[in-house]
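Observations on the three-dimensional arrangement
Below, each chain spelled out in residue letters.
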Amino acid sequence: MTAPARRLTLPVEGMTCASCTGRVERVLKRVPGVQAVAVNLATGRATLDLAPDNDPTALTAAVEGAGYAVPETVTELSVEGMTCASCTGRVERVLTSVPGVRAASANLATGRVSVRHPDGLVPRDALEAAVREAGYEPRPATAQAEGAPAAPREADALTRDLILAALLSLPVVVLDMGAHGAGHGLLPMAGIFGISWSAGLQAVLATLVLAGPGRRFFTRGLPGLVRGHPDMNALVALGAGAAYLYSLVATLAPGLLPAGAAHIYFEASVLIVTLILLGRTLEARARGRTGAAIARLVGLAPKTALLLRDGAETEVPAADLRVGDRVRVRPGERLPADGRVVEGTSRVDESMLTGEPVPAAKGPGDAVTGGTVNGTGALTVAVERVGADTALAQIVRMVEAAQGAKLPIQAVADRVTARFVPAVLGLSLLTLLAWLALAPAPALGEALVHAVAVLIIACPCAMGLATPTSIMVGTGRAAERGVLFRSGAGLQALEDVRVVAFDKTGTLTEGRPALTDLIPAPGFDPDAVLAAAAALESRSEHPIARAIVAAAAEKGLALPPVSDFVAVPGHGVTGRAGGRPVAIGAARHLAGLDLAGLETEAERLAGQGRSPVFVALDGVPAAVLAVSDPVKPGAAAAVRALIDQGLAVALVTGDARGTAEGVARRLGIATVLAEVLPAGKRDAVRALRERYGPVAFVGDGINDAPALAEAEIGLAIGTGTDVAVESADVVLMAGDPATVAEALRLSRAVMRNIRQNLFWAFAYNAALIPVAAGVLRAVGGPSLSPVLAAGAMALSSVFVVGNALRLRRA
């Protein structure tokens, strides 16, 4: 029976008219297996039926070939059962083999997978089916939003299995000791029951351990082994299973084994399972702590709010709030949503966002953020953003995205672990054959012990956890300090920068300039000049423009009507005020006019760190204004901290050179690139790169976006524009330049921690695999039993996670 065609709906970008829809329909109809194509211009989507055996990627190629685009999307899945780096590699491979999937990234620490594919072409059920086929269980990716990367039920289930395995294993260990001590009178119980009774009881208990708590290793590991994709579970299943089966034969049919080889290793099989479960339990609980930062962030949002409606207060769930609602926030309460104060004054603790311990004063008109803590005053707040649009929700998404990302350094570990488990199986088999061939008879028992020890000691759990756990803890700690890494790659790139370039206005300065001087040319009235300048600047959003308008308002000047207003980015503005031609801006904006009479004053003002602005009325220079933007209190200390870390610091600004150099002298910045137009900031970043090396650019405005994108790492002041924030790799929520040095220290601490983890994971395996194989035993040295191998392997994973947790104190 022929399978029915699949109905697909995909968005198409770039369609602007009916001819566009017709063209898209035609190219889609030509794709093999496509039928019933309908393209809707209003919704920007194409709906079609595709035969089940046809490749959906051909649809994307057809649309792009016609000059349009199918946007990408990312589907998030939680995957249960991933226990090592081999698991994540397996999941990634099966997902990328799904038609239409462009990339998949699995994170062992979070248990999540991000799948990138064209929107509308890859249904979620196809991804989930691929995960199940690989032997794992997909879940909706919602658990992370609740805070913990390892689901509590997983840790609880592991704890229950661990307790049961320990209770069943203890008698096996005692009986094994009794069997070994029977001949020496060490344990009378062995003489009472007899060694055969002891072996039989050990067999029953071992069967219960492997069939009960240890069942997970066999149900997950053996199918992967059969399919040719073994993982850690397969190694544990083979190791514990081999010891169990050998012991079972030695107990029930010892005649099948060579003379003198009928030894039992039930205690090894049960202790392998118990110790691995112990390691996984400790690991799961420790991994839960790595996500504590997100858990704390999510927990900041209050569950209820006091809604004001018709003059009455009603307590409602915070999730039910809508934009436009008004809520009452009492002293000591957390704000339920983002909004603006309409009544009352108070101080609000915003440390959860910015890391700043000093509460910020809030009054009517001031913006407030959900999750922050109100002080001693009562506030009435108009709700402006709710749910997923709040700043807190966006921060959680940023941190989750960074925690789920893969760093370039992890590529080395991924390449090694992709081949690691098959190599371990080969080494185990080689160990078995070598002992059988070279050791004196009976060698079967000894060969089995060393082969099993190799299987257990080489499980690559620590390799898979080395990078993601450090990223999770490091980015969570950074978020608590007001530093948001928007990507994992940014975390690594920040470590390598050699020069930090700052924008000036709003980054090193407060971004709230005030008019300090107005020096008119002979024959011009200062108030008339200021009124004309303020009239034009009232149409501009530039900080200097706001300072001029504010100065005119303070003097109570009436502003003439404005016409023909034109803004020239990086130069100034022109237009008519009260019918008179007016031009305001830098000297380059008034090119052709004789400014000689005012330039001397402008140079003097610039030398004091102020920004001179020229005004021309009726085509004649009329005055020079000076605007001063106060330097942020911590700016000089921030620059010194960066220089102390061995970095070069540069100032990149559109201000006049005299002004820029005056500010740079106050801050201790040696490299100044002044009078840089917005379009030239990208070139400035390139020049700094050629001179010093990798560049970090710190800015806050729309005109900083190209430089933020061009730099190896862009850091946006969180109080800046949305465009700047979206162009950056790191967001500094506090708006304090001192957090740049803090972000650098955190980046270096995380990368150092990752290298420590990777070194431990690789060195551990490299050093202990030969010991487990019995190389030292062959020359009279020590050997490593399967039980000790299981304990060492479990502790290696706990060590890696514990080392990552040290970053919480960074």
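Residues numbered from 1 in each chain as written. Predicted model: local features only at pLDDT ≥ 70, side-chain atom pairs only at ≥ 80, totals over all residues. Heavy atoms only, no water.

Taking an unreviewed UniProt entry as the reference, the protein is identified by name as ATPase belonging to Methylobacterium platani. Taken directly from UniProt, the Subcellular location (unreviewed entry) text for the protein runs: "Cell membrane". (UniProt positions renumbered as here; feature names shortened; annotations may be inferred.)

1. Let's talk about the overall build of the protein
The helix and strand tally for the protein stands at 27 helices and 29 strands. A total of 810 residues make up the protein; the buried ones form 51% of that total. In the protein, once contacts between residues fewer than 6 apart in sequence are set aside, the share between residues at least 24 apart is 69%. Counting only carbon and sulfur atoms, one obtains 58% of the accessible surface of the protein, whose full area is about 34000 Å². (Helix = DSSP H or I, 4+ residues; strand = E, 2+ residues; numbered from the N terminus. Buried < 20%, exposed > 50% of the residue type's maximum accessible area, 1.4 Å probe, protein only. Contact = heavy atoms within 4.5 Å. Areas by Shrake-Rupley, 256 points an atom, 1.4 Å probe, with all protein chains shown as cover.)

2. A short note on the sheet that holds strand β5 (residues 103-107)
Taken in spatial order, the four strands of this open sheet run β5-β6-β4-β7, and their pairing is antiparallel. Since the sheet does not close on itself, it has two edges, and those belong to β5 and β7 (137-140), each with one partner. Strand-to-strand twist across the sheet, computed as the mean angle between neighbouring axes with direction ignored, equals 30°. The sheet contact formed by strand β4 (residues 72-80) and β7 spans four bridges and is antiparallel. Bridge assignment links Leu77 to a residue of β7, and that residue is Pro140. Lying on the sheet, helix α4 (residues 124-133) is in contact with β4, β6 (112-118) and β7; it crosses β4 at an angle near 35°. (Pairing = 2+ DSSP bridges. Axes fitted to C-alpha atoms, helices over the stretch in contact; angles between N-to-C directions.)

3. A closer look at the environment of Ala552
Tracing the sequence through the fold places Ala552 in helix α18 (residues 543-554). Residues Ala552 and Leu515 lie 37 residues apart in sequence; the distance between their C-alpha atoms is 9.5 Å. Aside from chain neighbours lying at most four places away, what touches Ala552 is Leu530, Ala534, Leu557 and Leu559.

4. Some words on the packing of aromatic side chains
Under the defined criterion, the tally for this structure stands at two aromatic pairs. When the centroid spacing of 4.5 Å and the interplanar angle of 40° are considered together, the rings of Trp760 and Phe799 count as tilted. Here Trp760, found in helix α25 (residues 738-773), pairs with Phe799, found in helix α27 (residues 786-805); they are 39 residues apart in sequence, far enough to count as distant. The class for Phe799 is partly exposed, based on a relative accessible area of 39%. (Phe/Tyr/Trp six-rings, centres within 6.5 Å; stacked < 30°, edge-to-face > 60°.)

5. Topic: the packing of helix α14 (residues 444-457) against α25
Each pair of packed helices can be summarised by the angle the axes make with each other and by the distance between the axes. At a minimum axis distance of 8 Å, the contact between α14 and α25 shows a crossing angle of 165°. Between α14 and α25, the angle is such that the two are roughly antiparallel. Along this stretch, α14 crosses α25, giving a crossing that reads as right-handed. Every residue of α25 that contacts α14 at His450, Ala453, Val454 and Ile457 is listed here: Tyr764, Asn765, Leu768, Ile769, Ala772 and Ala773. Of the residues contributing to the contact of α14 with α25, the split by class is eight nonpolar, two polar and no charged. (Parallel < 35°, antiparallel > 145°, perpendicular 65-115°, else oblique. Left-handed = near helix turned anticlockwise from the far one by under 90°. Nonpolar A, V, L, I, M, F, W, Y, C, P; charged D, E, K, R; others polar.)

6. Points about the pattern of salt bridges
Between side chains of opposite charge, pairing is possible as soon as their charged atoms come close. All told, the structure shown has 25 salt bridges when counted by the stated rule. Via salt bridges that share partners, Asp683, Arg686, Arg689, Glu710 and Glu712 belong to a single interconnected network. (Salt bridge = Lys/Arg side-chain N within 4 Å of Asp/Glu carboxyl O.)

7. Things to note about α25
In a regular helix each residue adds 1.5 Å, so 36 residues correspond to 52 Å; α25 covers 53 Å between its end C-alpha atoms and thus fits that length. Of the residues flanking the end of α25, it is Gly774, one or two places downstream, whose phi is positive at about 90°. (Expected span 1.5 Å × (residues − 1).)

8. Some points on the pairing of strand β11 (residues 338-343)
When β11 meets strand β16 (residues 379-385), the two strands line up antiparallel, connected through five bridges. In the sheet register, Val341 faces β16, and the bridge partner there is Val381. Note: β11 against strand β14 (residues 367-368), two bridges, orientation antiparallel. Directly across from Arg340, in β14, lies its bridge partner Ala367.

9. Here's the deal with a positive patch on the surface
Taken together, Arg752, Arg806, Arg808 and Arg809 make up a surface patch of like positive charges. Locating Arg752 in the fold gives a position in helix α25. Using a relative accessible area of 48% as the deciding quantity, one classes Arg752 as partly exposed. (Patch = residues over 30% accessible without salt bridge, like charges linked within 9 Å, V, L, I, M, F, W, Y side chains within 5 Å. Lys, Arg positive; Asp, Glu negative; His and termini not counted. Charge placed at Lys NZ, Arg CZ, Asp CG, Glu CD.)

10. Here's the deal with helix α2 (residues 57-65)
Listing the buried residues of α2 in full gives Leu59, Thr60, Ala62 and Val63. Along the axis of α2, the buried positions cluster into a sector of 160°, meaning they face one direction only. Where α2 is buried, its residues touch β1 (6-11), α1 (18-29), β2 (34-40), β3 (45-50) and β6. Phi for Gly67, located one or two positions after α2, is positive at around 95°. (Arc of directions from axis to C-beta.)

11. Some remarks on unusual backbone geometry
Within the chain, Asp618 stands out as a residue other than glycine whose phi angle is a positive 55°. Here Asp618 is to be found in the loop between β23 (611-617) and β24 (620-628). A relative accessible area of 43% means that Asp618 is categorised as partly exposed. We note that Glu675 has phi near 55°; this positive angle belongs to a residue other than glycine. Within the secondary structure layout, Glu675 lies in the loop between β26 (671-673) and α22 (681-692).

12. Some details on the side chain of Asp517
Note on placement: Asp517 falls in strand β19 (residues 514-520). A residue is classified by how much of its surface remains accessible, and Asp517, at 18% relative accessible area, is buried. Only 2.8 Å separates the side chain of Asp517 from the side chain of Thr516, close enough to count as a polar contact. Apart from the residues within four sequence positions on either side, Asp517 is in contact with Leu605, Arg610, Val624, Leu625 and Ala626. (Polar contact = N/O pair within 3.5 Å; in protein donor to acceptor, adjacent residues only side chain to side chain.)

13. Regarding the pairing of strand β8 (residues 304-309)
In this structure, β8 lies alongside strand β9 (residues 312-317), joined through six bridges in antiparallel fashion. Across the sheet, Thr304 pairs through a bridge with Pro317, a residue of β9. Here β8 folds back onto β9 in antiparallel fashion, the turn holding two residues, of which Asp310 has a positive phi close to 55°. The pairing of β8 with strand β10 (residues 326-329) spans three bridges and is classified as antiparallel. Bridging from a neighbouring strand, Leu307 pairs with Val327 of β10.

14. Focus: the confidence of the model for the protein
Across the protein, pLDDT averages 81, with 88% of residues at or above 70. Predicted confidence is poor over residues 143-151, with pLDDT under 50, and the contacts of this stretch with residues over four places away or in other chains come to 21 contacts. Here residues 181-195 is modelled with pLDDT under 50, and outside its nearest four sequence neighbours on either side it reaches 13 contacts, counting other chains as well. (pLDDT = per-residue confidence, 0-100.)

15. Points about the UniProt feature "transmembrane region" (unreviewed entry) in the protein
UniProt's feature table lists "transmembrane region" (unreviewed entry) at residues 162-183, 189-211, 232-253, 259-279, 420-441, 447-467, 758-780 and 786-805, given in the numbering used throughout. Counted over residues 232-253, helix gives 95% and strand 0%. Its end C-alpha atoms are 31 Å apart. Secondary structure within residues 758-780 divides into 87% helix and 0% strand; the distance between the first and last C-alpha atoms comes to 31 Å.

16. A few points about the packing of α14 against α27
Relative orientation of the contacting elements α14 and α27 amounts to 5°, with a least axis distance of 8 Å. Classified by the interaxial angle, the pair formed by α14 and α27 is roughly parallel. Where α14 abuts α27, its residues Val449, Val452, Ala453, Ile456 and Ile457 lie against Pro786, Ala789, Ala790, Ala792 and Met793. Residues belonging to the contact of α14 with α27 are distributed by class as follows: 10 nonpolar, no polar and no charged.

17. Section: the nonpolar core
Residues Leu95 and Leu715 are the most contacted members of the largest nonpolar core, which totals 150 residues. The element that contributes the greatest number of residues to this core is α25, accounting for 16 residues. Residues in contact with Leu95, not counting those within four places in the same chain, are Val101, Ala104, Val113, Val115, Leu127, Ala130 and Val131. Within the second largest apolar cluster, 23 residues are counted, among which are Val529, Val562, Val582 and Val613. (Core = buried A, V, L, I, M, F, W, Y, C linked by side-chain atoms within 4.5 Å.)

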